[in-house]
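Breakdown of the fold
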Amino acid sequence: MRLEALIPRAEQFLKKAKFISIKKQKLSKLAEFIKTPLTLAGIEDFAGQPPIFFLLIDGLNFCFWHPDAHKKFRYRNNSGSVALGYCIKDALKNKPEIFAPENLIKSAPQVFKEIIKNASGELLLARERIKILKEIGYFLKKYDLRKVIKKFQHQDIDKIASFLLKNLPYTFKDEPVKFGIIIPFYKKLRLLLSDWMMLNGLKFKN
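Residues numbered from 1 in each chain as written. Predicted model: local features only at pLDDT ≥ 70, side-chain atom pairs only at ≥ 80, totals over all residues. Heavy atoms only, no water.

Topic: the overall build of the protein
Counting its secondary structure elements, the protein contains ten helices and four strands. Helices and strands appear in the protein in the N-to-C order α-α-α-β-β-α-α-α-α-α-α-β-β-α. Here the analysis covers contacts within the protein between residues at least 6 apart in sequence; of these, 69% occur between residues at least 24 apart. Element-wise, carbon and sulfur atoms account for 56% of the exposed surface of the protein, whose accessible area totals about 12,100 Å². (Helix = DSSP H or I, 4+ residues; strand = E, 2+ residues; numbered from the N terminus. Contact = heavy atoms within 4.5 Å. Areas by Shrake-Rupley, 256 points an atom, 1.4 Å probe, with all protein chains shown as cover.)

This is how it looks when you write it as structure tokens:
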């Protein structure tokens with residue numbers, strides 16, 4: 001679904017929510033702003049990592065971190081999502097076999113523990129992240145990620161986005177419902193596609 005098509009739905013939501021006022025002459029600028037690719041802060045250090053790395057980090061990154069500073073998730077000198085990124089990077093480098101599709105499917109809890117074994121603090125939503133690892137395992141068993149990317153390269157970005165949503169619904173589907181209005185958000189999916197383009201050099205048409 002194109003972002004422009006969401007404008008009436010967003011306007012309807014904002015009117016019901018009464019959080020802010022709407023200036024119709026600014027809606028087109030807002031749509032352009034929303035189109036700007038999002039990139040995870042600090043992830044520039046991960047440029048050149050294989051596509052599977054970004055599938056894992058953006059799929060597992062809920063951006064919800066422990067409110068207690070003493071329990072904040074840390075790895076090396078980093079915290080939050082960047083710390084998780086380094087955990088995944090090192091796991092891919094040191095034990096790539098744990099990310100084999102069958103292992104993700106059968107041993108997702110153990111894979112999760114292996115990823116964060118040298119980190120400190122508490123990584124929230126562990127159960128949900130384990131479920132995502134398992135879903136990614138089923139996806140990688142069914143599809144060769146390199147072939148998927150090659151198939152959709154230079155095509156409309158909506159095509160690969162729709163493909164990923166269909167095959168990784170728990171990982172990427174993000175459609176909050178409020179006041180009976182569905183607002184597709186898809187933050188993690190947008191992060192993945194922008195990271196693939198900006199940090200892997202993949203090409204899709206916007």
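Points about the pattern of salt bridges
The final tally for this structure, using the stated rule, is five salt bridges. A salt bridge links Glu114 to Lys117; the shortest N-O distance between them is 2.9 Å. The residue Asp144 makes a salt bridge to Arg146 at a minimum N-O spacing of 3.6 Å. For Arg146, a relative accessible area of 66% translates into the label exposed. Overlapping salt bridges, with partners in common, bring together Lys95, Glu114 and Lys117 in one network. (Salt bridge = Lys/Arg side-chain N within 4 Å of Asp/Glu carboxyl O. Buried < 20%, exposed > 50% of the residue type's maximum accessible area, 1.4 Å probe, protein only.)

Things to note about the packing of aromatic side chains
Under the definition given, this model contains seven aromatic pairs. For the ring pair Phe139 and Phe163, a centre distance of 6.2 Å and an interplane angle of 65° mean the geometry is edge-to-face. Taken together, the residues span a long stretch of sequence, with Phe139 in helix α6 (residues 126–142) and Phe163 in helix α8 (residues 157–167) at a distance of 24 residues. Accessibility assignment for this pair places Phe139 and Phe163 in one class, buried. Through pairs of rings, three or more aromatic residues link up here, namely Phe46, Phe53, Phe54 and Tyr86. (Phe/Tyr/Trp six-rings, centres within 6.5 Å; stacked < 30°, edge-to-face > 60°.)

Observations concerning the packing of helix α5 (residues 101–115) against α6
Put simply, α5 and α6 touch, their axes get as near as 8 Å, and they point 145° apart. Crossing handedness for the pair α5 and α6: right-handed. Listed contacts from α6 to Pro101, Glu102, Leu104, Ile105, Ala108, Pro109, Val111, Phe112 and Ile115 of α5 are Ala126, Arg129, Ile130, Leu133, Lys134, Ile136, Gly137, Tyr138, Leu140 and Lys141. (Axes fitted to C-alpha atoms, helices over the stretch in contact; angles between N-to-C directions. Left-handed = near helix turned anticlockwise from the far one by under 90°.)

Structural notes on α6
Under the 1.5 Å per step criterion, the end-to-end length of α6 is 25 Å for 17 residues, consistent within 8% with the ideal 24 Å. Every buried residue of α6 is listed here: Arg129, Ile132, Leu133, Glu135, Ile136, Gly137, Phe139 and Leu140. (Expected span 1.5 Å × (residues − 1).)

Thoughts on α8
Every buried residue of α8 is accounted for by Ile157, Ile160, Ala161, Phe163, Leu164, Leu165 and Asn167. For α8, the elements touching its buried residues are α6, α7 (145–152), α9 (169–172) and α10 (187–200). For α8, the capping residue at the N-terminal end is Asp156, with a side-chain oxygen 2.8 Å from the backbone nitrogen of Asp158. (Polar contact = N/O pair within 3.5 Å; in protein donor to acceptor, adjacent residues only side chain to side chain.)

Overview of the confidence of the model for the protein
Across the protein, pLDDT averages 86, with 83% of residues at or above 70. The least confident element of the protein, judged by mean pLDDT, is helix α1 (residues 7–17) at 66; the most confident is α5 at 98. (pLDDT = per-residue confidence, 0-100.)

Considerations on the side chain of Gln49
Examined against the element boundaries, Gln49 turns out to sit in the loop between α2 (27–35) and α3 (51–60). Other than its neighbours up to four places away in sequence, Gln49 contacts Phe54, Lys89 and Asn200.

Notes on the nonpolar core
Core analysis: the biggest nonpolar cluster contains 53 residues, and Leu55, Ile88, Phe99, Ile115, Leu133, Leu164 and Trp196 have the highest contact counts within it. When contributions to this core are tallied by element, the ones reaching two or more residues are α3, α4 (80–94), α5, α6, α7, α8 and α10. When residues in this core are grouped by element, the largest group, eight residues, is from α4. For Leu55, the residues in contact, after removing those within four places along its chain, are Ile136, Phe139, Leu140, Leu145, Leu168, Phe172 and Leu192. (Core = buried A, V, L, I, M, F, W, Y, C linked by side-chain atoms within 4.5 Å.)

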